[in-house]
Number of protein chains: 2
Amino acid sequence: MKRLSILGSTGSIGTSTLDVVEAFPELFVVEALAAGGNIDRLAAQIERHRPRFVCVKDDEIAAALRARVGAGPEIAVGPSGLVQAATLDGVDLVVSALVGARGLPPTHAALELGRDVALANKEALVVAGRHMTDCARSAGAEILPVDSEHNALHQCLRGERIEEVRNLWLTASGGPFRGRSAEELVRVDAQQALQHPTWSMGAKITIDSATLMNKGLEVIEAHWLFALPPERIRVVVHPQSIVHSMIELIDGSFKAQLGVTDMRHPIQYALSWPERLSTAMPPFDPVAVGRLDFEAPDVALFPCLRLAYEALEAGGAAPAALNAANEVAVESFLAAGIGFLDIPAAIEAVLERHAGDRAESLEAVLEVDAAARRTAAHWLEQRVGG
Amino acid sequence: MKRLSILGSTGSIGTSTLDVVEAFPELFVVEALAAGGNIDRLAAQIERHRPRFVCVKDDEIAAALRARVGAGPEIAVGPSGLVQAATLDGVDLVVSALVGARGLPPTHAALELGRDVALANKEALVVAGRHMTDCARSAGAEILPVDSEHNALHQCLRGERIEEVRNLWLTASGGPFRGRSAEELVRVDAQQALQHPTWSMGAKITIDSATLMNKGLEVIEAHWLFALPPERIRVVVHPQSIVHSMIELIDGSFKAQLGVTDMRHPIQYALSWPERLSTAMPPFDPVAVGRLDFEAPDVALFPCLRLAYEALEAGGAAPAALNAANEVAVESFLAAGIGFLDIPAAIEAVLERHAGDRAESLEAVLEVDAAARRTAAHWLEQRVGG
């Protein structure tokens, strides 16, 4: 019986995690749930899984939730409540699926205790990769990536030595604008960018997929997870999203992980690791899929990927600044404030300003994050005004 | 320093093995070479690698070789010489690359000593799979498959438990007649069948690839190597021969091994296992390859694959009879004695006759092999005569 604390339980990853838990009631038990303000869904999850600890955004939501669920779980609030949920006694695995910087402190706290973390919170590695992985290593905790690409790499690396790996190959769907011209990209709007060809995801991540920033952030994450330098983390466009990623070994052999595009697969892998569990989910069928394509990413047309490599090379807090600028720019694009090609322009401007910022502690990184957001907002104001 | 005995050193696998040895002179040393009658090539290999033991076909060849190489290696002959080469003191790894049944006794002798074997001799597993794998298991020897498909499976299975594998997926190029009609196949001749689309191999194995018997034999080999029942060893046609094979795990995840079609890759893997060695050979380039296709094999049109499954299900000496009948039939096809579709017909007739034959010892299996050859020759005589 594995005891879970699920941070971000009402989001897409959180609900899929609970689907997996429900498929194996004899193997997993939910000790803690943390969510923001989706009381209806959270109340239903509490009803079903009877956690002993719950964390919500603030006191108001806590009171409303208490009225709904009656006696039962302890209910905590805010950042300190998240850390409590991550460090609760007797928890074996923390599912870190909060969105944004608020996922960092509880993830770090769990790793510090030597607790395995199923990691879906991108910021933990993009913004604070060194701190998270240093912490995991010294505490003997395993970071189990939930993202399908890094999960694929984790699977491919089983039984291999990282010293015998020549390159990691992250696959990218290429997004909805693969093959478009620069002239066309100037005019695309949020609605077009939200049509992702293979995965059904939230708005922010779908835009990141359209700009290829999603892949850029994954390069940064892969760097921290697997300790390979940026130039040995390659990106290849693979429109079908069936090959989730590949490793290239020093002897020229490639190993790939393949599967259907359903997040319950990598989630289940992370939950059950080091074991695998038999599932009734429909498997990948090579004959039905029929064809897998690969092509080079167009870095000239999608500069976000280049900017991510540059931020990783620059080191320090540059990836944090990149991520913050991207969030602000994507938000503005979704609100129809700026154009699609303004997203990389905004990021480039912010990176120039914050290139030398240091990242000596988690707190320092979070300060750069905030400062980069201000810089980005300022740049965007001028852009939209001008 | 790994000390090698190479059985079948002048054939295609043998010479590729020596290419790998020459690329890593500080890691491998050749202790023994065994070959048939290609004195020129063998003399050159002796000159270069200075083995202390050599085995050739017979006394005549031995005398001619002695005249060429002067003093130097001990020269033995025939079946007993092969066993001596396989069991020579101080050898760490035996490369078993003889063609046909004569490879069985030395391979078995090496495994009995607990010696790791890089196995390219198909018959060892097709004809005597149970004996070889039982022997390897009880002596603690590792069988390292050199065949690209089984080598791929061996790589995919690193870090995985066989109990967590749902299916093995062998890829098949589909051969030169993929997509042809039954009417066309009646008329094809040996010259057409020898045009293999992706691998450059000997005539016998190229015909086996055209009939899909090659894949049928590989199903049998995979059964013995990895101990999965026939219905969990699947075949998928993959014309590019880049995905060398795949495993499907119980959680729905697939792992594939990919690479260029160069036998030096699986040979090097087998030689260096459990380590991997950095190679300067040009690697697989996903972008240059661009596209990978998969389709179901046409078992109605290529009945050899079905016959192999049936022989494996029948058990006992049926796979030995299948293999013997196939060899005789292919030889007749190559000599323009019978038509392409007579190959499976001959095998089916032989299998009916030898379905119940037992396989309790290596000797018993070899007797069935000989008897099946006589049955096949008799069937073919009647066919050609009629």
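Please read these numbers as outputs of a predicted model, since none were measured by experiment. Per chain, residue numbering runs from 1 following the sequence as it is written. Chains and ligands are labelled sequentially in the order written, the chains with letters from A and the ligands with numbers from 1. The model is predicted, so local features are restricted to residues of pLDDT at least 70 and side-chain atom pairs to those at 80 or more, both for listing and for counting; the totals for chains, interfaces and linings are taken over all residues. Heavy atoms from the whole structure form the basis of all side-chain values; hydrogens and water molecules are not counted.

Asks: Even after reading the chapter, I still don't get the state of the cysteines, so can you show me in this structure?
Replies: Here, the word disulfide means a covalent bond between the sulfur atoms of two cysteines. In this description, a disulfide is simply a cysteine sulfur pair whose atoms lie within 2.5 Å. Taken as a whole, this structure holds zero disulfides over all chains when the rule is applied. Here Cys135(A) stays unpaired: no disulfide links it, and the sulfur of Cys55(A), its closest cysteine neighbor, is 20 Å away.

Asks: What am I meant to see in the confidence of the model for chain A here?
Replies: Low pLDDT marks regions whose predicted coordinates should not be analysed in detail. What pLDDT reports is the predictor's confidence in each residue, on a scale of 0 through 100. For chain A, per-residue confidence averages 94 on the pLDDT scale, and residues scoring 70 or more make up 98% of the total. Two numbers describe this predicted complex: its pTM, 0.95, and its ipTM, 0.95.

Asks: Hey, could you run me through the sheet that holds strand β1 (residues 2–7) of chain B in this one?
Replies: In a beta sheet, neighbouring strands are held together by backbone hydrogen bonds and run either parallel or antiparallel to one another. All names here are of chain B. The strand order β4-β3-β2-β1-β5-β6-β7 describes an open sheet built from seven strands, whose pairing is parallel. Two strands bound the open sheet, and with one partner strand each, they are β4 (74–77) and β7 (143–145). Strand-to-strand twist in this sheet, taken as the mean axis angle between neighbours without regard to direction, amounts to 25°. Two strands are said to pair when DSSP picks up at least two bridges between them. Strands are runs of DSSP state E lasting at least two residues, helices are runs of H or I lasting at least four, and both sets are numbered from the N terminus onward. Angles shown run from 0 to 180 degrees and are taken between the N-to-C directions of axes, each axis being a line fitted to C-alpha atoms and, for helices, limited to the stretch in contact.

Asks: Even after reading the chapter, I still don't get the domain arrangement of chain A, so can you show me in this structure?
Replies: Where the parts come together, the accessible area they lose is often given as the size of the interface. Residues and elements named next belong to chain A. According to the domain assignment, chain A contains domain 1 (2–145) and domain 2 (150–385). One C-alpha centre belongs to domain 1, the other to domain 2; they are set 24 Å apart. Contact criterion: two residues are considered in contact whenever any of their non-hydrogen atoms come within 4.5 Å of each other. Of the residues lining the interface, 33 residues belong to domain 1; the matching set on domain 2 comes to 30 residues. Buried area is understood as the total, over both parts, of accessible area removed when two parts are fitted together, assessed with a 1.4 Å probe. In this assembly, domain 1 packs against domain 2 so that about 2,800 Å² is buried in total across both faces, 73% of it on carbon and sulfur atoms. Contact with domain 2 buries area across many residues of domain 1, yet Lys122, Val126 and Pro145 alone supply 23% of it, more than any other trio. Whenever two N or O atoms come within 3.5 Å, that pair is a polar contact, provided that in protein one can donate a hydrogen and the other can accept it, and provided that, for residues adjacent in sequence, both atoms are side-chain atoms. Applying the counting rule to domain 1 against domain 2 returns seven residue pairs in polar contact (both at pLDDT 80 or more). Elements that contribute at least two residues to the side of domain 1 that touches domain 2 include exactly β1 (2–7), α1 (12–23), β5 (93–96), α5 (104–112), β6 (116–119), α6 (122–126), α7 (129–139) and β7 (143–145). A total of six residues in the side of domain 1 that touches domain 2 trace back to one element, the largest contributor, which is α1. When the residues that make up the side of domain 1 that touches domain 2 are grouped by side-chain class, the tally is 20 nonpolar, six polar and seven charged. Bear in mind that the domain bounds are from an automatic or database domain assignment. Classes in brief: Ala, Val, Leu, Ile, Met, Phe, Trp, Tyr, Cys and Pro nonpolar; Asp, Glu, Lys and Arg charged; the others, Gly included, polar.

Asks: So what exactly am I meant to see when it comes to empty space enclosed by the protein here?
Replies: The gaps left among the atoms become clear once a water-sized probe is rolled over them. Residues are called lining when one of their atoms sits within 4 Å of a cavity or pocket point, these points coming from a 1 Å grid over the protein atoms alone, where a cavity is a set in which a 1.4 Å probe fits but cannot get out and a pocket is an open set with protein on both sides within 12 Å along at least five of seven lines. Grid points are joined across faces, edges and corners, and a volume is the space filled by probe spheres set on the points. By the definition in use, this model includes five cavities of 30 Å³ or more. Taken as a whole, the largest cavity encloses approximately 130 Å³ of empty space. Looking at the largest cavity, it is lined by 16 residues, and the ones nearest its centre are Gln155(A), Gln257(A), His265(A), Pro266(A) and Ser253(B). Among the secondary structure elements, those contributing two or more residues to the lining of the largest cavity are α8 (148–157), β11 (254–258) and α13 (264–272) of chain A. Of the residues that constitute the lining of the largest cavity, the class distribution is five nonpolar, ten polar and one charged. The computed volume of the second largest cavity comes to approximately 110 Å³. Along its surface, the second largest cavity is lined by 16 residues, and Gln155(B), His244(B), Gln257(B), His265(B) and Pro266(B) are the ones closest to its centre. A per-class count over the lining of the second largest cavity returns five nonpolar, nine polar and two charged.

Asks: Whenever I open this one, the environment of Gly81(A) confuses me. Can you help?
Replies: All names here are of chain A. One can find Gly81 in helix α4 (residues 78–87). Linking Gly81 and Glu221, residues 140 residues apart in sequence, is a C-alpha distance of 26 Å. When residues no more than four places from it in sequence are discounted, the contact partners of Gly81 are Phe53, Cys55 and Ala76.

Asks: In this structure, what is going on with the sheet that holds β1(A)? I would like to understand it.
Replies: Residue and element names in this part refer to chain A. As summarised here, the arrangement of the seven strands in space is β4-β3-β2-β1-β5-β6-β7, forming an open sheet in which the pairing is parallel. Looking at the sheet topology across the chains shown, the edges are occupied by β4 (74–77) and β7. Across the sheet, the mean angle from the axis of one strand to that of its neighbour is 25°, orientation sign disregarded. Sheet topology places β1 next to strand β2 (residues 28–34); six bridges connect them, and they run parallel.

Asks: Whenever I open this one, the packing of aromatic side chains confuses me. Can you help?
Replies: For any pair of aromatic rings, the description consists of the separation of the ring centres together with the inter-plane angle of the planes. All names here are of chain A. When two rings of Phe, Tyr or Trp (its six-membered ring) have centres within 6.5 Å they constitute a pair, described as stacked for plane angles under 30 degrees, edge-to-face for angles over 60, and tilted for the intermediate range. Tallied over the full model, the rule gives ten aromatic pairs over all chains. Ring centres of Phe24 and Phe28 lie 6.4 Å apart, and the angle between their planes is 90°; on these two criteria the pair is classed as edge-to-face. Phe28 shares its class with Phe24; the two are buried. Centre to centre, the rings of Phe177 and Phe340 are 5.0 Å apart; their planes meet at 85°, and the pair counts as edge-to-face. Taken together, the positions of Phe177 in the loop between β8 (165–172) and α9 (182–187) and Phe340 in the loop between α16 (318–334) and α17 (342–354) put the pair 163 residues apart, joining distant regions of the chain. With a 1.4 Å probe rolled over the protein chains alone, any residue whose accessible area is under 20% of its type maximum counts as buried; one over 50% counts as exposed, and the rest are partly exposed.

Asks: Explanation requested: helix α15 (residues 303–314) of chain B in the structure shown.
Replies: One turn of an α-helix holds 3.6 residues; hence residues three or four places apart share an orientation. Residue and element names in this part refer to chain B. With twelve residues, α15 extends 16 Å between its outermost C-alpha atoms, agreeing within 8% with the 16 Å of an ideal straight helix rising 1.5 Å per residue. Looking at α15, one finds that the buried residues are Pro303, Cys304, Leu305, Leu307, Ala308, Ala311 and Leu312. Residues of α15 that are buried make contact with α11 (203–211), α12 (213–226), β9 (233–237), α16 (318–334) and α17 (342–354). Immediately beyond the C-terminal end of α15, within one or two residues, lies Gly315, with a positive phi of roughly 75°. Helix span is expected to be 1.5 Å times the residue number reduced by one.

Asks: Hey, could you run me through the pairing of strand β10 (residues 243–249) of chain A in this one?
Replies: Two faces make up the sheet, and in a regular strand the side chains alternate between them. Residues and elements named next belong to chain A. Taken across its seven residues, β10 has seven buried, putting it largely inside the fold. Sheet topology note: the β10/β11 ladder contains five bridges and is antiparallel. Each residue of the ladder has a partner; that of Val243, found in β11, is Leu258.

Asks: Any chance you could explain the relation of the copies chain B and chain A here in plain terms?
Replies: Think of it as a corkscrew move, a rotation about one axis and a shift along it, taking one chain copy to the other. Overlaid copies result from least-squares superposition on C-alpha atoms, with residues included only where pLDDT is at least 70 in both. Once turned by 180° and shifted 0.0 Å along the axis, chain B lies on chain A with an RMSD of 0.0 Å. Expressed as a symmetry operation, the mapping of one chain copy onto the other fits a two-fold axis. Taking C-alpha positions as the reference, the residue of chain B nearest the rotation axis is Gly159(B), at 1.9 Å.

Asks: Would you explain the packing of α16(A) against helix α18 (residues 362–385) of chain A in this entry?
Replies: Packed helices, taken two at a time, are described by the angle their axes make and the gap between the axes. Residues and elements named next belong to chain A. It is the contact of α16 with α18, at a shortest axis distance of 8 Å, that shows an interaxial angle of 40°. Viewed along their axes, α16 and α18 adopt a mutual orientation that is oblique. The interaxial crossing formed by α16 with α18 has right-handed handedness. Mapping the contact onto sequence places Ala320, Ala321, Asn323, Ala324, Ala325, Glu327, Val328, Ala329 and Ser332 in α16 and Val365, Val368, Asp369, Ala372, Arg373, Ala376, Ala377 and Leu380 in α18. Grouping the constituent residues of the contact of α16 with α18 by class yields twelve nonpolar, two polar and three charged. Working definition: roughly parallel below 35 degrees, roughly antiparallel above 145 degrees, roughly perpendicular at 65 to 115 degrees, and oblique for all remaining angles. Less than a right angle of anticlockwise turn of the near helix away from the far helix marks a crossing as left-handed, whereas a clockwise turn marks it as right-handed.

Asks: Hey, could you run me through the interface of chain B and chain A in this one?
Replies: Facing the 42 residues of chain B at the interface are 42 residues of chain A. For the pair chain B and chain A, the summed buried surface comes to about 3,600 Å²; carbon and sulfur atoms form 52% of the total. Area buried by chain B at its contact with chain A is led by Asp251(B), Phe254(B) and Arg276(B), which between them contribute 18% of it. The salt bridge criterion pairs a side-chain nitrogen of Lys or Arg with a carboxyl oxygen of Asp or Glu, the two atoms within 4 Å. Taken together, chain B and chain A are joined by six salt bridges. Where chain B meets chain A, there are 30 residue pairs in polar contact (both at pLDDT 80 or more).

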